[in-house]
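Observations on the three-dimensional arrangement
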Amino acid sequence: MAAADERVDEDERALAGPTRPGSLADLYRERYVPMVRLAFLMVGSTTVAEDLVQDAFARMHRPWDTIEHPKAYLRTSVVNACRSHLRRLALERAYKRNPSVVAESVPAEADELFDTLAALPARQRAALVLRFYEDLSEADIAVALGCRPGTVKSLLHRGLAELRKVVEH
Amino acid sequence: MNLDERLRESLARRADAVEPSAEGWSAITRRIERRQWRTRTAGMSLAAGLSFAAVALVVVMATVGPEAPDQNVAATGGSNPALGPTTSYAPASQGTPSTVPGQAPVAPGTNAGPTGPGSNQPGPDATTTGYIPAAIWPETLAELQRLQAGVAEGHQPWRADPQQVALAYLADRGLPTSGTGSPRSLGEPGALRYTSGGVGGWVLMGQLVGGTVHFIGEARSDRILRLYISHQGDRLAVDVTAATSGQVVVRTKRPGADWRPSTSKMVAAEESVTLDVDGPASTDLIVQVRHEGDDGKVGLSEHFLGASEVLGYTALDAGSIIDPGQIAQVQIGMTRAQAERLAGIAMTREGGTAACTGLAPVGRPEGVELLATAGSDRVDVIIVSAPGVRSGRGIGVGNSLAEVREAYPEAEDRVTDGQGRLVHSPADFASGYEIIFQVYDGEVTSIWTGEDGLSNTDELCA
């Protein structure tokens, strides 16, 4: 994990400036909007995205002083929250009770590529969003998703293969 | 424009159209005020405010705070006059303080300091009138504050000891506590395992923000294998599967109010029943599921159900499903402590090598093993090597090669002359994991699951 930690350090420096946010409020000012947008790309709803991101911020309050890399920590927390949300929806569907209706996404012009991305399995979608929206390396994506870099390669490969079908259609 | 560029452009365009609410910070500060000290699902948070050591043995010695309770002290009901059915937090039996200490809202960025459910040290001064614990015992913030004031005056000091609180809760709910022994930590904050009247279970605990008193946030019994609670209008549908035959009794209440009339049904061992229970969707509820076994033993699960929430869990048993990335609710990537809690049964170290640590459930189900590879304190591989547990498509140990091929036509076939592996890597929600059917003499001898690439690792634990 040492190599991954070094990459997190590089990523932290690349994100913004040499200094760690002084407070949770500073982190909010800097990263709330980008994180809501990231979460939206994963769950498809602005309302749900804000809910998950706000919870991620709230969870950082108590251990704030012990978090070494708050921006990376926040991003991982948001990604995990999105995945857990999608797992909860899957649980509801598995029990065939009235599943939660996924809120409508932000209305936009038709985008077949994005629609196909939205239909991909959650981990593939997460890997693609982290790669092509957050521009993370495979190693950093592995840290964010809690898996091995080899798994990230596989997720990206399969996800792009599905998207390629749309492009070449 | 190639695919990479098109994808970047599409994502950026969609993301830029999202404008979050201007009330984000206010919403966050409200959540901080409401926040309780407990951990609920695997994979939600990387919080590292506490440190503890988790050892893969049934009896776990864990450090959860500066004054972790002595795990080996056996507490009997007779040795502590505060325990037993007479223990009550009803206001009439206490010396009620005339005032409640004033409290201030939590300020963002406040240095919280180290504290935790296992600690008898007071938490930070950032108490708040807005903080509402999701607690089942005691049930309300007002009650917790009243008890805290009492403890400050020297009344019921045991309320600052999580193990004593756990025992008092069990007694209050009518579960036997004599000879129970002291609940032991599961190695994660606030999770204590207990055995009562021969039935095991665990409680998840929290601590009053800014105080020392502990509360129960959730209780689960090994007797209740599967539970799913969802709102159906103004009613709750409660699906229950119990380990043994008996009667299931379900009741609900709003925190601080009286219990509503209960609903009960007879249940056969490991068969699901659904109970229709009073439970408005617009309000927080405490839901109690009690199993009274034909063998005379009792199991209790009790949960806080937020307004409009659903709740579900499945313990590990012979009817569990192994699917890519998980078995029942134990998932690849969980810590061993999390796996034990979500499996619903204690784990014991079994087998393994210098390169791997093997964990197996104590008792049922047979033939299930969780492996953590060297350098990892998390479950990396799940193995089933006995009949009983089946895959999501119905394949278990003992099924024929032909049956596996029929159930998984898309699996990668590496079988020659009846020996080898069939590897299924799903292109769906479980993408990123593999499930492997090991075949010997044309029959499935074991089922494995782990991350992609597991099937290429022949010397995993060498």
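Just above sits the structure.
Residue numbers here run from 1 along each chain, matching the order of that chain's written sequence. Chain letters start at A and ligand numbers start at 1, both assigned in the order the entries are written. Totals for whole chains, interfaces and linings use all residues, but because this is a predicted model, local features are given only for residues with pLDDT of at least 70 and pairs of side-chain atoms are given and counted only at 80 or more. Just so you know, side-chain values use all the structure's heavy atoms and leave hydrogens and water out.

Glancing now at the overall build of chain A. When its secondary structure is counted, chain A shows eight helices and zero strands. Ordering the α and β elements of chain A from the N terminus gives α-α-α-α-α-α-α-α. When each of the 169 residues of chain A is scored for burial, the buried share is 56%. Contact criterion: two residues are considered in contact whenever any of their non-hydrogen atoms come within 4.5 Å of each other. Residue pairs in contact within chain A that sit at least 24 positions apart in sequence constitute 68% of those at least 6 positions apart. Note on conventions: DSSP H or I runs of at least 4 residues are helices, E runs of at least 2 residues are strands, and numbering of each starts at the N terminus. Classification of residues uses two cut-offs on accessible area relative to the type maximum, computed with a 1.4 Å probe and protein chains only: under 20% is buried, over 50% is exposed, and between them is partly exposed.

With that out of the way, let us pick up the overall build of chain B. Broken down by element type, chain B carries six helices and 24 strands. Expressed as a percentage of the 462 residues in chain B, the buried residues total 56%. Across chain B, contacts joining residues at least 24 apart in sequence account for 58% of those joining residues at least 6 apart. Areas reported as accessible are Shrake-Rupley estimates using a 1.4 Å probe. Residue values count occlusion only from the protein chains shown. Of the roughly 18300 Å² of accessible surface on chain B, a fraction of 50% belongs to carbon and sulfur atoms.

With that settled, the discussion passes to helix α8 (residues 149-167) of chain A. One less than the residue count of a helix, multiplied by 1.5 Å, gives the span that helix is expected to have. With 19 residues, α8 of chain A should reach 27 Å at 1.5 Å per residue; the first-to-last C-alpha distance of 26 Å fits that figure. Regarding α8 of chain A, the residues found buried are Thr151, Val152, Ser154, Leu155, Leu156, Gly159, Leu160, Leu163 and Val166 of chain A.

Now for the packing of helix α2 (residues 24-43) of chain A against helix α6 (residues 122-132) of chain A. Residue and element names in this part refer to chain A. Viewed as axis vectors pointing N to C, α2 and α6 meet at an angle of 145°, and their least axial separation amounts to 9 Å. For the crossing formed where α2 meets α6, the hand is right-handed. Along the contact surface, α2 presents Leu38, Leu41 and Met42, while α6 presents Arg125, Ala126, Val129 and Leu130. The residue classification treats Ala, Val, Leu, Ile, Met, Phe, Trp, Tyr, Cys and Pro as nonpolar and Asp, Glu, Lys and Arg as charged. All others, Gly included, are polar. Among the residues making up the contact of α2 with α6, the classes are represented as six nonpolar, no polar and one charged. What counts as an axis is a line fitted to C-alpha atoms, over the stretch in contact for a helix, and the angles between N-to-C directions run from 0 to 180 degrees. A crossing counts as left-handed when the near helix is turned anticlockwise from the far one by less than a right angle, and as right-handed when that turn is clockwise.

Two rings belonging to Phe, Tyr or Trp (six-membered ring only in the last case) form a pair when the distance between their centres is within 6.5 Å. Interplanar angles under 30 degrees mark stacking, angles over 60 mark edge-to-face geometry, and anything in between is tilted. Going through the model one piece at a time under the given rule, you end up with six aromatic pairs over all chains. Centroid distance Tyr408 of chain B to Phe437 of chain B: 4.8 Å. Interplanar angle 45°. Geometry classified as tilted. A residue pair is termed long-range when its members are at least 10 positions apart, and Tyr408 of chain B in the loop between α6 (401-407) and β21 (412-416) and Phe437 of chain B in strand β23 (residues 433-440) qualify at 29 residues. Comparing Tyr408 of chain B with Phe437 of chain B shows no difference in burial state: the two are buried. Through successive ring pairs, a cluster of aromatic residues spans Tyr28, Tyr32 and Phe57 of chain A together with Trp25 of chain B. Charge-over-ring placement is defined geometrically: NZ (Lys) or CZ (Arg) within 6 Å of the ring centre, and within 35 degrees of the ring normal. Positioned over the ring face of Phe132 of chain A is Arg131 of chain A, at 5.8 Å from the centre of the ring. One cation-aromatic arrangement involves Arg251 of chain B over Trp259 of chain B; the distance from NZ or CZ to the ring centre is 4.1 Å.

All names here are of chain B. In spatial order, the strands read β9-β6-β5-β12; together these four strands make up an open sheet with antiparallel pairing. Looking at the sheet topology across the chains shown, the edges are occupied by β9 (272-278) and β12 (311-314). Recorded for the sheet is a direction-independent mean angle of 20° between the axes of neighbouring strands. When DSSP locates at least two bridges between a pair of strands, those strands are taken to pair. Sheet topology places strand β5 (residues 224-232) next to β12; four bridges connect them, and they run antiparallel. Bridge assignment links Tyr228 to a residue of β12, and that residue is Gly312.

On to the pattern of salt bridges, then. By convention in these notes, a salt bridge is any Lys or Arg side-chain nitrogen within 4 Å of a carboxyl oxygen on Asp or Glu. On inspection of all chains with the given rule, the structure shows 27 salt bridges over all chains. The residue Asp172 of chain B makes a salt bridge to Arg173 of chain B at a minimum N-O spacing of 2.8 Å. Asp172 of chain B sits in the partly exposed class, given a relative accessible area of 32%. Its relative accessible area of 9% is what places Arg173 of chain B among the buried residues. Close ionic contact of Arg235 of chain B with Asp276 of chain B constitutes a salt bridge, the shortest N to O distance being 3.3 Å. Taken together, the residues span a long stretch of sequence, with Arg235 of chain B in strand β6 (residues 235-242) and Asp276 of chain B in strand β9 at a distance of 41 residues. By relative accessible area, Arg235 of chain B is classed as partly exposed at 31%. When its relative accessible area of 43% is taken as the criterion, Asp276 of chain B is described as partly exposed. Three or more residues are tied together by salt bridges with common partners; here these are Asp51, Asp55 and Arg59 of chain A together with Arg31 of chain B.

Moving on: the packing of α6 of chain A against helix α7 (residues 138-145) of chain A. Residues and elements named next belong to chain A. Packing of α6 against α7 leaves a shortest axis separation of 10 Å and a crossing angle of 135°. Taken together, the axes of α6 and α7 are oblique relative to one another. α6 and α7 meet at a crossing whose hand is right-handed. Here Arg123, Ala126, Ala127, Leu130 and Arg131 of α6 lie close against α7, whose contacting residues are Ile141, Ala144 and Leu145. Throughout this description, any angle smaller than 35 degrees is read as roughly parallel, any larger than 145 degrees as roughly antiparallel, any in the 65 to 115 degree range as roughly perpendicular, and the remainder as oblique.

If you trace the backbone, Tyr228 of chain B turns up in strand β5. Sequence spacing of Tyr228 of chain B and Thr241 of chain B is 13 residues, and the spatial spacing of their C-alpha atoms is 9.3 Å.

The next thing to look at is the nonpolar core. Residues grouped as a nonpolar core are buried Ala, Val, Leu, Ile, Met, Phe, Trp, Tyr and Cys residues, joined through side-chain atoms within 4.5 Å. Core analysis: the largest hydrophobic core is formed by 56 residues, its most contacted members being Phe57, Leu128, Leu145 and Leu163 of chain A. Take this core: its biggest share by element is twelve residues, from α2 of chain A. Domain segmentation is taken from an automatic or database assignment of domains. Structurally, this core is a two-domain feature, drawing no fewer than three residues from each of domain 1 (1-105) and domain 2 (107-169) of chain A. Setting aside residues no more than four positions away along its own chain, Leu128 of chain A makes contact with Leu117, Leu120, Tyr133, Leu156, Gly159, Leu160 and Leu163 of chain A together with Leu7 and Leu11 of chain B. Within the second largest apolar cluster, 30 residues are counted, among which are Leu316, Ala328, Leu370 and Val404 of chain B.

In this section: the pairing of strand β7 (residues 246-253) of chain B. Residues and elements named next belong to chain B. Summarising burial for β7: six of the eight residues are buried, a large majority. Examined bridge by bridge, β7 and strand β8 (residues 263-267) share five bridges and lie antiparallel to one another. Bridge pairing in β8 places Gln247 opposite Met266. Bridging between β7 and strand β10 (residues 285-293) involves eight bridges; their strand directions are antiparallel. Paired with Val248 across the two strands is His291, which belongs to β10.

Function cannot be inferred from these measures alone, as they are strictly geometric.
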